[in-house]
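What follows is each chain in one-letter form.
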Amino acid sequence: MLQVNKRASEINREIVDFESNSSQSLASYVEIIRRQFPAMLAILSSCVILALLYLFTAAPEFTSTASMVIDTRKLQLFQQQSALGDIAIDSATVETQVEILKSENISLAVIRDLHLIEDPEFTGSGGGLLGAIAGAVIGVFSESRSLSEYELTRKALQRFEKNRTVKRLGQTYVMEIGFTSKDPGKAARVANAIADAYIVDQLEAKYQATRRASVWLQDRIKELRTQASAAQRAVVDFKTQNNIIDTGGRLMNEQQLAEVNSQLILAHASTAEAKARLDRINDILKQEIPDANVADALKNETIVKLRGQYVDMASKEAIWSAKYGPDHLAAVNLRKQMAEIKRNIVDELKRIQESYKSDYDIAITRGDSIKASLNNAVSESQLTNHAQVQLRELESSAQSYQAMYDNFLQRYMESVQQQSFPITEARVISPASKPLVKTYPKTLIILAAGLLGGLMLSFGAAMARELTDRVFRTTGQVEDTLGANCVAILPALGAATPSGPLGGKFGKKKDERSPDLLRYVIENPLSRFSEAVRSLKVAVDLNSTVRENRVLAITSALPNEGKSTLSTNLAQLMAHGGARVVLVDADLRNPSLSRALVPDTAVGLIEVIAQKASLQDVLVVDPITGLAILSAGATNKLLHTNEILASKAMQSVVDLLRSKYDYVVIDMPPMAPVVDVRVTSPFVDSYVFVVEWGKTNIDVVRHNLRSAPEIQDKLLGVVLNKADTRLLARYESYHGRYYYQKYYARYGYLE
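In this text the structure is predicted, and so the values were computed from the model without any measurement.

(A) Broad picture of the sheet that holds strand β13 (residues 686-692). Within the open sheet, the 8 strands sit side by side as β7-β14-β13-β8-β12-β9-β11-β10. Their pairing is mixed. On the outer flanks of this sheet lie β7 (486-491) and β10 (619-621), each paired with one strand and no other. Put simply, the sheet's adjacent strands are angled 25° from each other on average, direction ignored. Packed onto the sheet, helix α14 (residues 475-482) meets β7 and β14 (715-723) and runs at close to 140° relative to β7. Those strands touched by helix α16 (residues 528-543) are β7, β8 (551-556), β12 (663-667), β13 and β14, and its axis lies near 165° from that of β7.

Printed below as a string of structure tokens:
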């Protein structure tokens, strides 16, 4: 449970941090815009003005559009197989047609048909102010000569392709052809001409392809005709060589074999039938009284007559035997006659038997003959079957060549027909018409683009200026970069001049029109500059509650940043308030403060350190504020000023001044050129670092302070000097004039 609560707390903290960072980022962007607003406004205005200038100078252009479809359906009249085969129309095919529409072949055809190389719009420098300027520049730097027809064509082609648009509408088979021109009628004509040129090109391409296919098919047909004839002759020759005769779709030996086989079957049946008759007649003859009931016997008139007589006599013999007894002469005679008739019948049957036997022998002989013929036919059939294998190959080859010949002949006839009526899948479904409204330049889009481009460019320029602006302009920059407080921002005093000498010469009046930099806080006590110096004094006094803060050193990173002006005004402000203050010029390399305030004094700090003069003899007191000034003295031949400032004698002088005055303000040399400031840390309570607003590089200040940690440890704060209050309001609004205007207006000290 504790882990869950801890995790929830972490998530809430992350959310709060994210929201805080987001708000800070947004606020930082707002600050950047506020600071760079004039530059951004200038860039934005320039972009909008350029957009308006372009709108007023650019020639209006009109775009006309024609729509074309790749129709996959063909007219029934022409719905036949192409000689090269119909290719299925898919997405890639449509995209291919789009590229064909964009090809130079189509473009050059339109240029040639419409004589566009004679049109100034395609061969001139272009319309509008920009085109005229470009043409004039090209005319100046190029030789004045007439262009050749090829050059005019290439130039017209370049302008043509620039103004032409071809695109596919979604996933459909519809293509949109657009052309832009300064003449709306010309735009429609060119768009329709592109569609017509494409259709003509497709028809011509199909015609040429069909014609080439016809020529190739014709040559191929001749070759196939020769090959088919040769194959058929080879079949006939092979049949002749192998005695293969085809009758009604069957070979003659096969038909003969079938017939012989049928005859053999009939012969076997006939033999069996003859043998059956012979066997039957033999069985009859073996009987005591032959029963001649065979077919031939029944049909024989002799046997029928004899059998009739035999029956009559048998009947009579039975009667006579029954009446007179069997031994009766008449009965005996009848029996003799009956025996004679029986012998005659048997003889007749034997004759029939011999006939049957002859038929049987003939049938056997005939069957043997047919069997021999069958064996011969089988042998011949076996030989023919072996030859028939090769014959089938020859016939198959002949049939293949014949089929190929027929197929190519049919294709040839189709190609000849297609040459008579070539068709194409493309057709125009919406021809281009004369546009009524210009398509370019679009006023709203150009203005929006100019506005948006101006915003982006201005914001980019603002960001670039912010990133490249490596100077101090705000108190936040000082605190974030240096880790020190920005105790005051001193406004720039304009075209001010240094004051005259001190002492008895304070009564001299300067030109009233030139403010006195070194006495500005006295002459303008209610100015913003004076108020900023007071804020520095307040910081000094507040810091005195933490540690002793009576010896103040004023320094800077580079010369001419206003440290001497600040030192003098701060010391005069303190002295004018009733405190005992001494101003020491410790810039021994360039004692500009001494030259400005006490130019006639020949002795000063150097002589006091060298014990060549006493402190009371070299001090100069301002009669108005009571400020004591200790000049640098004779410094023109000094080489090792840092050794002088680091000496015990220098520390003794500062200790003496500390005991006699409430504040000791020391004007130090700049830190970048010399190292004198770093050796003064043992006797200085606090340092005030002067940075020129908007000019001194951040890296220079940061490097000097990091290389002198003893100075940074005693740093009271940083003063931004020479600030432009008009620009400062954009960086920190609460430092602008607006917050001081109403209050200072009461006293008439508006700046």
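(B) View of the sheet that holds strand β1 (residues 62-70). Taken together, 4 strands build an open sheet; the order of strands is β2-β3-β1-β6 and the sheet is antiparallel. Only two strands of the sheet have a single partner each, and these edge strands are β2 (164-168) and β6 (426-430). Neighbour-to-neighbour, the strand axes of this sheet turn through a mean angle of 30°, independent of strand direction. Of the strands in this sheet, β2 and β3 (174-181) touch helix α7 (residues 149-163), which is tilted by about 45° from β2.

(C) Seen up close, the layout of surface pockets. By volume, the second largest pocket is sized at about 640 Å³. Lining the second largest pocket we find 28 residues, and of these Asn560, Glu561, Gly562, Ser564 and Thr565 sit closest to its centre. At the level of secondary structure, the elements contributing two or more residues to the lining of the second largest pocket comprise α17 (563-576), α18 (592-597) and β14.

(D) The arrangement of the pairing of β8 in detail. Among the 6 residues that make up β8, 6 are buried, leaving the element largely enclosed by the rest of the structure. The alternating pattern of β8 places Val551, Ala553 and Thr555 on one face and Leu552, Ile554 and Ser556 on the opposite face, and all of these are buried. Summarising the sheet, β8 and β12 pair through 4 bridges and their orientation is parallel. Among the inter-strand pairings, Ile554 is bridged to a residue of β12, identified as Asp667.

(E) Just the packing of aromatic side chains, in detail. Scanning the model with the defined rule gives 4 aromatic pairs in all. Measuring from centroid to centroid gives 6.3 Å for Tyr54 and Tyr440, while their planes differ by 70°, and the two rings are edge-to-face. You can see Tyr54 sitting in helix α2 (residues 37-57) and its partner Tyr440 sitting in the loop between β6 and α13 (443-468), a full 386 residues away along the chain. Judged by centre distance (5.4 Å) and plane angle (80°), the rings of Tyr520 and Phe529 are edge-to-face. In terms of burial, Tyr520 and Phe529 fall into one category: buried. Through a chain of ring-to-ring contacts, three or more aromatic side chains come together here, namely Phe122, Phe160 and Phe179. Its end group placed over the ring of Trp693, Arg473 keeps NZ or CZ at 5.1 Å from the ring centre.

Parameters and conventions
- Residues numbered from 1 in each chain as written.
- Predicted model: local features only at pLDDT ≥ 70, side-chain atom pairs only at ≥ 80, totals over all residues.
- Heavy atoms only, no water.
- Pairing = 2+ DSSP bridges.
- Helix = DSSP H or I, 4+ residues; strand = E, 2+ residues; numbered from the N terminus.
- Axes fitted to C-alpha atoms, helices over the stretch in contact; angles between N-to-C directions.
- Contact = heavy atoms within 4.5 Å.
- 1 Å grid on protein atoms, 1.4 Å probe; cavity = no way out; pocket = protein on both sides within 12 Å on 5 of 7 lines; lining within 4 Å.
- Points joined across faces, edges and corners; volume = space filled by probe spheres on them.
- Buried < 20%, exposed > 50% of the residue type's maximum accessible area, 1.4 Å probe, protein only.
- Phe/Tyr/Trp six-rings, centres within 6.5 Å; stacked < 30°, edge-to-face > 60°.
- Lys NZ or Arg CZ within 6 Å of the ring centre and 35° of its normal.

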